[in-house]
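# Structural overview for review
Listed below are the residues making up each chain.
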Amino acid sequence: MAGSHLPLQYVLAGIVVVLHASAACAGPASSSVSAGGNGEACSGPVLQQSCHWLTVDASKRAYEVVGHWPPLSSGHLPSVQLPTNTTKTPSTLPGMSLSLQRLVLTNVAVADPGADSLPRLWPLSMFTAVGANLTLTDVRFVLSGKDFKAYLSFFQGLPQPPNVFFTDGISFIQIPEWNDSSTVLRSVTLLGPSCSSGAGSESFLQPAASASLGHNSSCNVHTAVNSTVIPTLQAVGSVVTEAPLLVLLLSNATIGIGLEPWAINIQRPVVIAGLFGVPTSIDFGMVVNQINATAKGAKVIWQSLYLENLSPADGLAATMAPPYSGAVSANVYPVYCNRSRQVCLNLYNTTSDLASSEEMDYVTFMYSMFNSPLPNMRTITDFYHTELRVTIIDMGPGPGGAGMTLYNMSCSAWRIHDSVFTDQPILRIARKLPFPDGRPLVTTATKAAPWVQGVDNCESMQAAMLAPSEEDRLHVWMLLGNVTINPASDATCWKARSVQYTTQVYGQAHHDGVQHTGSGMELPAPKPGAPAPYAAINPTFDMFVLDWNHERSALQLRDGAGEKFLQIQNVTLVRLPQGPDAAKAAGMRTGQGGDGPTPPDVWTILMWPVTRSWQGSP
């Protein structure tokens, strides 16, 4: 390398060249570098075309060039400018293995994808090797227009899946994983000349400069670190365009704590790619809804990342979750989108740290039943076909036997490849946060994860009651505000009354200091000087109100309803009715010598809004 001496290490049967900073291979006059196993010097820089790569024997056929990690003060991967002249490329022994990691190769010519003599993407300015093998991990190529078009055409001609790549067609091709008989690619980025106006001008690959570039229709590539990833997504992800955006993440990042719902507004396809060879974490901080991807054509693709502190849905997320369960954090609820109509979850070589061991048990059980050879076991997951439209779950054990690896999963809202679900990751980068209050938890009460529907008025509660569900699936009506049965504004709203499925009415906790009356809550006017009615709706009580409006038999449980068929939790119940014979108590004398016991109908605590069989009922 010009003007620098590269520290060398000998590993296994080959040589490792560790690059600490960017460098250009300018010409034969550059200072020589010791590159051979015997300490002899090349006649020029190690990556220079005139370097002979010293004679090696059969035991030294593996060469590896890696970028130093973590990045030094520049904050970006080392950049290597290779000579463009390939006519004097030296040869070496057959079967040579070359591995490049964490590098940016600029001004580089690469092997034609249609040629058979060299591995695909082989840097022609290096030595050639008949029968060589090439491994590229976290490498960015800045290519000529000719080479970029050739590889774009090559990858577009491959069947998908299993060959998956992302491109805007003009400035980048992002390849999560791909290999053939001589080439192995792991998170490799091919960049067109539109992203570079000359050697050393790749400012989009430098996080500090990239954050200030803004939208450039000819180069949809940005590099980010923790301090710049949110501003970059807010500024460039919000541009209304069909062109995908590629964000190359070079550090662990937090996209959660302190963010309000919809703080990041996504209006286009966005690929967020970490490093394959170095664990890269996104800590969501148990926050949900911060990334709004409801716009037409908007989606977020997560690649080569650890997704940590994922939370189940809150009330807002639950409104968009069906038919997927709000209790399953694997749905990545930091992304707010319509899961019934959008492919919201795109995971490629990721590890998702799920919220609880119960959820991990549920996911493992259901996915195993989906693939069961026994028809009676597969029926448990019938709704996977009818509601979730699952077409394939190709799975195996997770790393170290913990969790599971999803090699391929596809359904109405998910595209997952080579990704891990686990609650016991081999590596945990962010501190594990406690399970958030007021979020639905997968339990063992039913075999299928709960289906959570948001409810904020009489009409939406009726819709939840009428929604189709499954015998073994808990149906959660999550109150998002105060609700009144048959309010004055819609006095005939409450028509359906039969509860057919195991149901939980659950009040979504709120801490915002605002009194929630909801769109269906009816508060009678207090008498002059009287205290405000229903003090329990004060936010310090942290509960929403279900106003029964003195309606008897509002909920009629089906015959044979067992224990915990209906559960009401974290809700304030007001204006409960008395029983049908309450009038018999009028004028009764109570106590010793009186007219007998008070009829039970006068006691509203007996929950006359709910009709159920008394025998064996808890």
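The structure presented is a predicted model; accordingly, all values stated were derived computationally and were not measured.

It is worth spelling out the overall build of the protein at this point. Across its full length, the protein carries eight helices and 35 strands. For the protein, buried positions account for 54% of its 618 residues. Sequence-distant contacts, at least 24 apart, represent 70% of the contacts inside the protein between residues at least 6 apart. With an accessible surface of roughly 25800 Å², the protein has 54% of that area assigned to carbon and sulfur atoms.

In this section: the confidence of the model for the protein. In this model, the protein carries an average pLDDT of 76, and 72% of its residues clear a pLDDT of 70 or more. Contacts for the low-pLDDT stretch residues 1–16, under 50 throughout, to residues beyond four places or in other chains number 49 contacts. Note that pLDDT drops below 50 for residues 510–541; the model gives that stretch 54 contacts with residues more than four away or on any other chain.

Throughout the structure, instances matching the rule amount to six salt bridges. In this structure, the salt-bridge partner of Asp180 is Arg120, at a minimum N-O distance of 2.5 Å. Of the two residues, Asp180 is situated in the loop between strand 9 (172–179) and strand 10 (183–191) and Arg120 in the loop between strand 6 (97–106) and strand 7 (133–142); the sequence distance between them amounts to 60 residues. Of the residues examined, Asp180 reaches a relative accessible area of 22% and is grouped as partly exposed. One salt bridge in this structure joins Glu177 and Arg186, with 3.6 Å as the shortest N-O distance. Among the charged side chains, a network of salt bridges with common partners joins Asp353, Arg428 and Lys432.

Where nonpolar side chains cluster on the molecular surface, the patch consists of Ile426, Leu427 and Ile429 and spans about 260 Å² of accessible area. Note that Ile429 resides in the loop between strand 25 (414–422) and strand 26 (448–455).

Moving on: the sheet that holds strand 32 (residues 555–557). With parallel pairing, the three strands of this open sheet are ordered in space as 29-32-35. Only two strands of the sheet have a single partner each, and these edge strands are strand 29 (498–499) and strand 35 (610–611). As paired elements, strand 29 and strand 32 share two bridges and run parallel to each other. Bridging from a neighbouring strand, Val499 pairs with Leu557 of strand 32.

This part takes up the sheet that holds strand 31 (residues 544–547). Taking strand neighbours across the sheet as the criterion, the three strands line up as 28-31-34 in an open arrangement whose pairing is parallel. For this open sheet the edge positions go to strand 28 (483–484) and strand 34 (571–574), each flanked by a neighbour on one side alone. Where strand 31 meets strand 34, four bridges bridge the pair, whose relative direction is parallel. Bridge pairing in strand 34 places Phe544 opposite Val571.

Definitions and cut-offs
Residues numbered from 1 in each chain as written. Predicted model: local features only at pLDDT ≥ 70, side-chain atom pairs only at ≥ 80, totals over all residues. Heavy atoms only, no water. Helix = DSSP H or I, 4+ residues; strand = E, 2+ residues; numbered from the N terminus. Buried < 20%, exposed > 50% of the residue type's maximum accessible area, 1.4 Å probe, protein only. Contact = heavy atoms within 4.5 Å. Areas by Shrake-Rupley, 256 points an atom, 1.4 Å probe, with all protein chains shown as cover. pLDDT = per-residue confidence, 0-100. Salt bridge = Lys/Arg side-chain N within 4 Å of Asp/Glu carboxyl O. Patch = residues over 30% accessible without salt bridge, like charges linked within 9 Å, V, L, I, M, F, W, Y side chains within 5 Å. Pairing = 2+ DSSP bridges.

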